[in-house]
Amino acid sequence: MAEIVLDKVTKRYGDTVAVAEFSLHIADGEFIILVGPSGSGKSTVLNMIAGLEDITEGELRIDGERVNERAPRDRDIAMIFQSYALYPHMTVAQNIGFPLKLAGLDKAAIAEKVEHAARLLGLTPYLDRKPAQLSGGQRQRVAMGRAIVRSPKAFLMDEPLSNLDAKLRVQMRTTISRLQKDLGTTTVYVTHDQVEAMTLGDRIVIMRDGVIQQVGTPQELYDRPRNLFVAGFIGSPPMNFLPGELTVDGVRTPLGTIPLGSQMPRGTVEPRRVILGIRPEAFEDAELMRDREPGVFYTGTVDIVESLGAEKIAFFDLGAVEAVRSEHLEALSRDRGTQDMAAESAQLTVRLDAKSKAAEGRPLKVWFSPESVYLFDPDSGATLTEHVVAG
Amino acid sequence: MSTRAPARHARRRISEEKTAQRRLALWLCAPAALIMLLVTGWPILYAVLLSLQRYDLRFPDERAWVGLSNYAAVLTDPFWWNAFWVTVVITVISVAIELVLGMLLALAMYRTLIGRGVIRTLVLIPYGIVTVVAAYGWRYAWTPGTGWLAGALPPGSAPLTEKIPGVAIIILAEVWKTTPFMALLLMAGLALVPDDLLKAASMDGATAWQRFWQVTLPLMRPAILVALLFRTLDAFRIFDNIYVLTGGAADTGSVSLLAYRNLIGGLNLGIGSTMSVLIFLTVAAISVLFIRAFGISAPGTQGERR
Ligand SMILES: Nc1ncnc2c1ncn2[C@@H]1O[C@H](COP(=O)(O)OP(=O)(O)OP(=O)(O)O)[C@@H](O)[C@H]1O
Ligand SMILES: [Mg+2]
């Protein structure tokens, strides 16, 4: 167990900067998630903590001690790789026991610890097998076993679940979460999957092009994204973005004029271009609302409805309205491989109660509160609204 | 029952398909196999036939079938056994040195980031030179009076005319020439070791030395065995280096050289063929030994040594 401090850590490969002035204070026992699009430097950060990559500039401290120059084996940190990196010529027991054997423990002690780790992970029946004779999930657990067996100061995990199918991934997510809570070991976890990020971590670090965008609890990032990139990254389905104009009496948008909410900056006489963001879950079907709360109504023709049982997701095609273009959002859509974010005309996604009568090709009236609207600066991408934390 | 029948049916169809594929494969391989048989099989068979006859071109009239008596003659001949042990010594020592040097070279070539192309080309130069040409180079180098290496020895010594120094120089020439080949094969083996595994080992607390012995080497085992097999077979048939360097003087000849002397020099087809057949049998035995070792050590196989 350890406290890990990254102080303006920078990594350069020749002229390219992979990680720029990364500063983060990871508390003892904390579960930190690193997320970001491909190439944003997540693995590089992890490898620098591990000691597998040299730190170009800045300082890395574990328990207050500078460890920049220490070899991986002297940092007492365990790592789990996306490929699992099991030794194919060793049995499961030998794989799990390898760190102990290297540490010079005697055979009896190794056997006992391996047994214990195997029991914890349900691997006891497979101890004599070779990795090639295991399923993906079992291999993953062997990799976990090898990490926990020597009670290291910290765990580093680089997309450990991305090679598993969806169901197994959910299962292993719970296993990891439970193990980390039981052991209380500081953990840094890299993932692409935002559901993993939201459910696993105490705090999330969002990275882009080697720069930290925002650090915070999952709820903080969801409620108060600091910029367009974070707002678009967190949340599923992602936040809707529409072009808008901020004026003295409200925001003019393709959905109509939205009155100024308490979180919005005061409008100026000269209208100002902004990007408007609304989460799909901020909408309600107007028909289902009991009392007429103040807010904005929008009526449009539903393009597609996806019924998920507990809820319905409806898509509007805003036709003539051009989709918002921003370099901050392009990085996201590239990573997600989604076309609709890069579509020609703007789209609106709304998340409705299952009781909604929304149907494809039929008009639908939806409601949203001006308080749930986010505004972003189109150039810098910075958030212009100031949301108060809920509850 | 009813659900099982289609499954069995499907399985049968799959196996039928497999048999058909196998048959096609056999037909496709057949022409090549036939030519191989004609080109290599006939000479082998002919050599075996010759080895069973008394057949000396100097006395062609005395040609007769003598059964295995040629084998008895060769196997009781001290010259044969001397040549045999010299060959074994040359093979074992040169292959062992090549393995170590080749591994070092392979590691150097694999790990260097700068000037990779240049280093790989430089290393391969000895292998690109014709053996006989290189052998002459070594011979002149070790010839007293003219050679640059002989000059470093105490005056009056002529290493190529003595047994142990002669064999040592033969081994040196052999190692110099074929280490690059070994390094190349081993480098292919190094590429078999995933980077993640070495990273995982360093995280698990392994030093560079431990990573090499406990991760890299075991994973490279198949490649090492192939390299060893190739080189052992090659080294056992050594001929040109010895022919040029010592000519087999001072009991430094190999079995191949001895067979050649009997066949071409002595014109004794019977004895020469007997020796050739014995060399062939030894080489075959070495191959079988290695392939057996393979069968046991191929990764993923059951019953692998723990
Ligand atoms: N050895 C290297 N030499 C040069 N550039 C590198 C090297 N390794 C990584 N980079 C660059 O550093 C940046 C960050 O890479 P990194 O692997 O940390 O990304 P990542 O966030 O882990 O991406 P992914 O999600 O695809 O794994 C990338 O732009 C990459 O091209
Ligand atoms: Mg990565």
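Residues numbered from 1 in each chain as written. Chains lettered and ligands numbered in written order. Predicted model: local features only at pLDDT ≥ 70, side-chain atom pairs only at ≥ 80, totals over all residues. Heavy atoms only, no water.

### A word on helix α3 (residues 78-111) of chain B
Residues three or four positions apart in an α-helix share a direction because the helix packs 3.6 residues into each turn.
For step 1, the next point in the chain: The end-to-end C-alpha distance of α3(B) is 49 Å, a good match for the 50 Å that 34 residues give at a rise of 1.5 Å each.
For step 2, the next point in the chain: Between the side-chain oxygen at the start of α3(B) and the backbone nitrogen of B:Phe79 there is a gap of 3.1 Å, and the oxygen is on B:Asp77. (Helix = DSSP H or I, 4+ residues; strand = E, 2+ residues; numbered from the N terminus. Expected span 1.5 Å × (residues − 1). Polar contact = N/O pair within 3.5 Å; in protein donor to acceptor, adjacent residues only side chain to side chain.)

### A closer look at the domain arrangement of chain B
The accessible area lost on association of the parts is a frequent measure of interface size.
For step 1, the next point in the chain: Taken as a whole, chain B is organised into domain 1 (5-40) and domain 2 (69-294).
For step 2, the next point in the chain: Computed over C-alpha atoms, the centres of domain 1 of chain B and domain 2 of chain B are 39 Å apart. (Domains from an automatic or database assignment.)

### Examining the environment of A:Ile62
For step 1, the next point in the chain: With respect to the helices and strands, the residue A:Ile62 is situated in strand β4 (residues 57-62).
For step 2, the next point in the chain: By relative accessible area, A:Ile62 is classed as buried at 3%. (Buried < 20%, exposed > 50% of the residue type's maximum accessible area, 1.4 Å probe, protein only.)

### Some words on the nonpolar core
For step 1, the next point in the chain: Counting 81 residues, the largest nonpolar core has A:Leu6, A:Phe22, A:Ile49 and B:Trp80 as its most contacted members.
For step 2, the next point in the chain: Once residues lying within four places of it in the same chain are set aside, the contact partners of B:Trp80 are B:Val74, B:Leu75, B:Val255, B:Leu258, B:Met275, B:Leu278 and B:Ile279.
For step 3, the next point in the chain: Of all hydrophobic cores here, the second largest spans 53 residues; its members include A:Ile110, A:Met172, A:Ile204 and A:Leu221. (Core = buried A, V, L, I, M, F, W, Y, C linked by side-chain atoms within 4.5 Å. Contact = heavy atoms within 4.5 Å.)

### A look at the interface of chain A and chain B
For step 1, the next point in the chain: Residue-level contacts link 26 residues of chain A with 19 residues of chain B.
For step 2, the next point in the chain: Of all residues in chain A, A:Arg73, A:His89 and A:Leu102 bury the most surface against chain B, accounting for 29% of the area lost on that side.
For step 3, the next point in the chain: Applying the counting criterion to the chain A and chain B interface returns one salt bridge.
For step 4, the next point in the chain: In this structure, B:Asp204 and A:Arg146 form a salt bridge, with 3.5 Å as the shortest nitrogen-oxygen distance. (Buried area = accessible area lost by both parts, 1.4 Å probe. Salt bridge = Lys/Arg side-chain N within 4 Å of Asp/Glu carboxyl O.)

### Structural notes on unusual backbone geometry
It is generally the case that most residues other than glycine have a negative phi and that most peptide bonds are trans.
Residue and element names in this part refer to chain A.
For step 1, the next point in the chain: Cis geometry is found at the peptide bond from Ser236 to Pro237, where omega equals -5°.
For step 2, the next point in the chain: Among the structural elements, Pro237 can be located in the loop between α8 (228-233) and β11 (240-247).
For step 3, the next point in the chain: The phi torsion at Lys8 lies on the positive side, around 50°, for a residue other than glycine.
For step 4, the next point in the chain: Look at Lys8 and you get partly exposed, because its relative accessible area is 48%.
For step 5, the next point in the chain: With a phi close to 70°, Tyr84 is a non-glycine residue in the positive phi region.
For step 6, the next point in the chain: Tracing the backbone shows Tyr84 in the loop between β6 (77-80) and α2 (92-102).

### Comments concerning the site of ligand 1
Residues and elements named next belong to chain A.
For step 1, the next point in the chain: Around ligand 1, the surrounding shell consists of Tyr13, Ala18, Pro37, Ser38, Gly39, Ser40, Gly41, Lys42, Ser43, Thr44, Glu159 and His192.
For step 2, the next point in the chain: In the model, an oxygen atom of ligand 1 is placed 3.2 Å from a nitrogen or oxygen of the Ser40 main chain.
For step 3, the next point in the chain: Against a free-state accessible area of 630 Å², the protein chains account for coverage of 56% of ligand 1.
For step 4, the next point in the chain: When residues of the shell around ligand 1 are assigned to their parent elements, the largest contribution, three residues, is made by helix α1 (residues 42-50).
For step 5, the next point in the chain: Split into classes, the residues belonging to the shell around ligand 1 amount to three nonpolar, seven polar and two charged. (Near = heavy atom within 4 Å. Areas by Shrake-Rupley, 256 points an atom, 1.4 Å probe, with all protein chains shown as cover. Nonpolar A, V, L, I, M, F, W, Y, C, P; charged D, E, K, R; others polar.)

### Considerations on the environment of A:Leu183
For step 1, the next point in the chain: Within the fold, A:Leu183 resides in helix α5 (residues 166-183).
For step 2, the next point in the chain: Sequence-wise, A:Leu183 and A:Glu270 are 87 residues apart; in three dimensions their C-alpha atoms are separated by 58 Å.

### Here's the deal with the sheet that holds strand β10 (residues 211-216) of chain A
Residues and elements named next belong to chain A.
For step 1, the next point in the chain: With mixed pairing, the six strands of this open sheet are ordered in space as β6-β7-β8-β3-β9-β10. Every interior strand has two partners, whereas the edge strands, β6 and β10, have only one. Across this sheet, the average inter-strand angle for adjacent strands is 15°, counted without regard to direction.
For step 2, the next point in the chain: Note that strand β7 (residues 154-158) and strand β8 (residues 186-191) share five bridges and pair parallel. Directly across from Asp158, in β8, lies its bridge partner Val190.
For step 3, the next point in the chain: Along the sheet face, α1 touches β3 (31-35), β6, β7, β8 and β9 (203-208) and points at about 150° away from the line of β7. (Pairing = 2+ DSSP bridges. Axes fitted to C-alpha atoms, helices over the stretch in contact; angles between N-to-C directions.)

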